[in-house]
Amino acid sequence: MSDQSLSSPAEVQDALRSVDYLSDDRISQVVYLAERLSKPVLVEGPAGVGKTELAKSLAKVHGRRLIRLQCYEGLDESKALYEWNYKKQLLRIQADQGTDWVDLESDIFSEEFLLTRPLLEAIRSADPVVLLIDEVDRVEIETEALLLEVLSEFQVSIPELGTVAATTQPLVVLTSNNTRELSEALKRRCLFLHIGYPDPDRERQIILARVDGIDEQLADQVSRIVRSVRSHELKKPPSVSETIDWARTLLTLGVTEIEPQTVAETLHVLLKYQSDIDRVAAEFADS
Amino acid sequence: MLVDLLGGFIQELRAAGIPVSMVETIDAMEALRHTDISDRQAFKSTLGATLVKNARHHAAFEMAFDVYFALERPAPESRSADDPSEPYDLDGLLAELEEALADLDMARIRALARNAVEALAGMESGRPVGGTYYLYRTLRQLDVDGLLERLMGRASAAGSVSMLEERLTREELEGRIRILRDEIETEIRSRLVADRGREAVAKTLRRPLIEETDLMHATRSDLEALDELIKPLTRKMATRLARRRRNKRGRLDFRKTMRRSLSTGGVPVEPQFKSVHPSRPEVFLLCDTSGSMATFARFTLQFTYAMASQFSKLRSFAFIDALDEVTAFFEPGVDFAAALRRIATEASVVYLDGHSDYGRSLEQFWTAYGGFLTPRSIVIVTGDARTNYRDPRPEVLREIAEAARAVYWLNPEPYAYWDTGDSVIGRYRPHCTEVREVRNLRQLEDFIESVVVPTHGAKVRALS
């Protein structure tokens, strides 16, 4: 697939579908706007509903490289933006004893001695890329500020070198599991997209697209049961990825029609807490 | 025209408490240029993506959208209530509705919802109501329970189905009834707008955002909604309490530095530091669970429950006029509702009459558990400090404060009421590291955001 701009939300939806990502109207609308307005998208929602997958699929759609910055507590400038390769700088200084300091200084602070990290890499890339900033809610609020310049101006300022601006427009996707409130400054720069659990119809299509060899009827039953499971008050409702795992399990076990008994026996694939499993198992045993 | 309407809409979002900045307004305008605004859903998605950046503000956004971009509807005529309108073919409507719901034909459901509201809601012009009354009136006459049963009958007529299948079908149909209900609600709002204008309707419908709901008077469903929001807060609390220094590096590790310097020819290029182990705080939570605090107590216990999963060393206590440890009820994996029930029945928190007695409870805590307090302990008390004119015994709190690293007091009463009547918060205040008014989730968030645990040396001393 080539890098082309998509001219309507419907086209975005079709393009995503062609790489097996089933979006809904809202998702495709927001993605379309993001491309049009060159704005980052902040995708929020429970774990396992396809937030990261959206970025990957967009990279596939456009045939772009995906650059990923995985966030974690303690992430800093030198891991996210750039770092001077000072060992190399030191060797350079030692190798060149006697050179005029002014020459040397401008030399050791050149791009040759720069270690690029994901954000700078995305900015400097000659071909347009998709930049995925994953689980941005994991960094401390102070670290968020690092991202701001990249997100709004698509540039990185390096004191010794000046400003590196993007030559091509990267498509930026940020994901958050909402474990904390992100700063207003960050949110202001992004379009906001909340992805929740899909409705049974969309989930059925997702199962059909992602699980090879599953038939329509089983996919339908799986999606409806999962919806029913989610309607209970659970510690951790099953995500789409768990639904897919469950569908695969059933397929491997050779199940063609799901009985309450089967549900009870395979529930541990869908749910991750014993108290959740007990609760749902009890519910389904009655029916 | 659209610009004016958007301006009003954004005003309404702000009035509802959603922060919408100037930049976002401009973004929304820009985004609309790329949006097919004849498509209502696309229009709504665009506004949602550019203006509302928090999922929990979505309900308020929906409401404002319904009002500001209401469908064109005639205003209800003013008619007196006892004027019987011409007989309406209710059965015909019901039959059609049943069919539309069975096929999930959205366009038809919408049209029928419109008919139903027109015929059944009996809307009167000029009444300053929010529409809930009309909604229930319409739903009652549509007999939604009966509708559900007929739909079920229709589904099972296709052949014998298993119990599981029946259950799934029922849940699905209930979902469709909810769709109908939402359509009717939207329709009613449109008519209210036609009658009274956007601003007036928006004002009647406005609800405080969940984070601003007063915890003393929260409803059950509010508390359930809060559940979701508490979890991330406790995580933050855990990291805030564990962090003592901004500087994560410890002392210079000379040995490591020398070793490292070998690779650079003996020049110590990279100084190495010892890593600091973040201290694990021990938290003691004391919750007033008396009658006057019932709603707030449920919230604090909710909070405690969530905290218990974050701290390995958390001990929680409930008190009214006696204090009892409830840590065991919040073991990992225990259901919150079950824990609440057990506390209500098994914990002995009442000594005399079930009216709060802070002095006695603190005293009891100090004698029974004071020995466990160390300079690493953090004590958090939640309650209104209304001790029913009993002896508050602030000197006991002072002893607790001296033994522990910090004492925080979270008071759910408005600041203006502190120290009025039987409130003795002022007597406890000198012994606390900090006393906070926490009446809603936002204030709790602020507290957690700003809480600074005093370090070893600089322990805050009582000011008295």
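Residues numbered from 1 in each chain as written. Chains lettered and ligands numbered in written order. Predicted model: local features only at pLDDT ≥ 70, side-chain atom pairs only at ≥ 80, totals over all residues.

Enquirer: Break down the interface of chain A and chain B for me, citing the residues and quoting the values.
Expert: The partner chain B presents 29 residues to the 30 residues of chain A that form the contact. Elements that contribute at least two residues to the side of chain A that touches chain B include exactly helix 2 (25–37), helix 5 (86–95), helix 9 (184–188), strand 9 (191–194), helix 11 (216–230) and helix 14 (274–286) of chain A. For the side of chain A that touches chain B, the per-class residue count stands at 11 nonpolar, nine polar and 10 charged. (Contact = placed C-beta atoms within 7 Å. Helix = DSSP H or I, 4+ residues; strand = E, 2+ residues; numbered from the N terminus. Nonpolar A, V, L, I, M, F, W, Y, C, P; charged D, E, K, R; others polar.)

Enquirer: Break down the pairing of strand 4 (residues 314–319) of chain B for me, with residues and values.
Expert: Residues and elements named next belong to chain B. Where burial is concerned, most of strand 4 is hidden: five out of the six residues are buried. As paired strands, strand 3 (residues 282–288) and strand 4 are joined by six bridges and run parallel to one another. Each bridged residue has a counterpart across the sheet, and for L285 the counterpart in strand 4 is S316. Of the crossover connections in this fold, the one passing from strand 3 over helix 13 (residues 294–308) to the parallel strand 4 is right-handed. Note that strand 4 and strand 5 (residues 323–325) share three bridges and pair antiparallel. Counterpart to F317 in the pairing with strand 5 is E325. Between strand 4 and strand 5, which pair antiparallel and follow one another directly, the connecting turn spans three residues. (Buried ≥ 20, exposed ≤ 12 C-beta atoms within 10 Å, placed from the backbone. Pairing = 2+ DSSP bridges. Right-handed = clockwise from strand over helix to strand, strands pointing away.)

Enquirer: Which residues make up helix 7 (residues 132–142) of chain B, and what are the values?
Expert: Every α-helical turn comprises 3.6 residues, leaving residues that sit three or four positions apart pointing alike. Residues and elements named next belong to chain B. Y134, T138, L139 and L142 are the residues of helix 7 that are buried. Across the axial projection of helix 7, the buried residues extend over an arc of 130°, all falling on one side. In helix 7, the exposed positions angled more than 90 degrees off the buried face are occupied by T132, Y136 and R140. Its buried side turned inward, helix 7 meets helix 5 (90–103), helix 6 (106–120), helix 8 (144–156) and helix 9 (163–196). Of the residues flanking the end of helix 7, it is D143, one or two places downstream, whose phi is positive at about 50°. (Arc of directions from axis to C-beta.)

Enquirer: I'd like a description of the sheet that holds strand 7 (residues 406–411) of chain B, backed by residues and values.
Expert: The strands making up a sheet associate through backbone hydrogen bonding, with each pair oriented either parallel or antiparallel. Residue and element names in this part refer to chain B. Strand order in the open sheet formed by six strands is 5-4-3-6-7-8, and the pairing between neighbours is mixed. Across the chains shown, the open sheet's two edge strands, defined by having one partner strand only, are strand 5 and strand 8 (434–437). Here the strands of the sheet are splayed against their neighbours by 20° on average, with no regard to which way each runs. By the bridge criterion, four bridges tie strand 7 to strand 8 in an arrangement that is parallel. (Axes fitted to C-alpha atoms, helices over the stretch in contact; angles between N-to-C directions.)

Enquirer: Can you explain the packing of helix 8 of chain B against helix 9 of chain B? Please cite residues and give values.
Expert: Residues and elements named next belong to chain B. Viewed as axis vectors pointing N to C, helix 8 and helix 9 meet at an angle of 135°, and their least axial separation amounts to 10 Å. With respect to each other, helix 8 and helix 9 are oriented oblique. Considering only the axes of helix 8 and helix 9, their crossing is right-handed. Residues V144, L147, L148, L151, M152, A155 and S156 of helix 8 form the contact with helix 9, whose participating residues are E166, T169, R170, L173, E174 and I177. Here the contact of helix 8 with helix 9 is composed, by residue class, of eight nonpolar, two polar and three charged. (Parallel < 35°, antiparallel > 145°, perpendicular 65-115°, else oblique. Left-handed = near helix turned anticlockwise from the far one by under 90°.)

Enquirer: Tell me what's going on with the pairing of strand 7 (residues 162–165) of chain A, and back it up with residues and numbers.
Expert: All names here are of chain A. Here strand 6 (residues 155–158) pairs with strand 7 via four bridges, running antiparallel. Within strand 7, the residue paired with S157 across the bridge is T163. Taking the residues that link successive antiparallel strands as the turn, the strand 6-strand 7 hairpin has three residues.

Enquirer: Break down the sheet that holds strand 5 (residues 129–134) of chain A for me, citing the residues and quoting the values.
Expert: Residue and element names in this part refer to chain A. Pairing in this open sheet of five strands is parallel, and the strands run 2-5-8-1-9 from one edge to the other. Here the strands that pair on one side only, and so sit at the sheet edges, are strand 2 (65–70) and strand 9. Neighbouring strand axes in the sheet, compared pairwise and without regard to direction, differ in orientation by 20° on average. Pairing of strand 2 with strand 5, which is carried by six bridges, proceeds in the parallel orientation. Looking across to strand 5, one finds that R68 is bridged to L132. Most of the contacts of helix 2 go to strand 9, to which it runs at about 160°, and overall it touches strand 1 (41–44), strand 8 (171–176) and strand 9.

Enquirer: An account of unusual backbone geometry is requested, with residue identities and associated values reported.
Expert: All names here are of chain A. One non-glycine residue with positive phi stands out, namely S38, at about 50°. On the secondary structure map, S38 appears in the loop between helix 2 and strand 1. Accessibility expressed as a C-beta count within 10 Å gives 12 for S38, which makes it exposed. At E135, a position not held by glycine, the phi torsion is positive, near 55°. Within the element layout of this structure, E135 appears in the loop between strand 5 and helix 8 (141–153). Judged by the 18 C-beta atoms lying within 10 Å of it, E135 falls in the partly exposed class.

Geometric descriptors of this kind do not, in isolation, establish any biological role.
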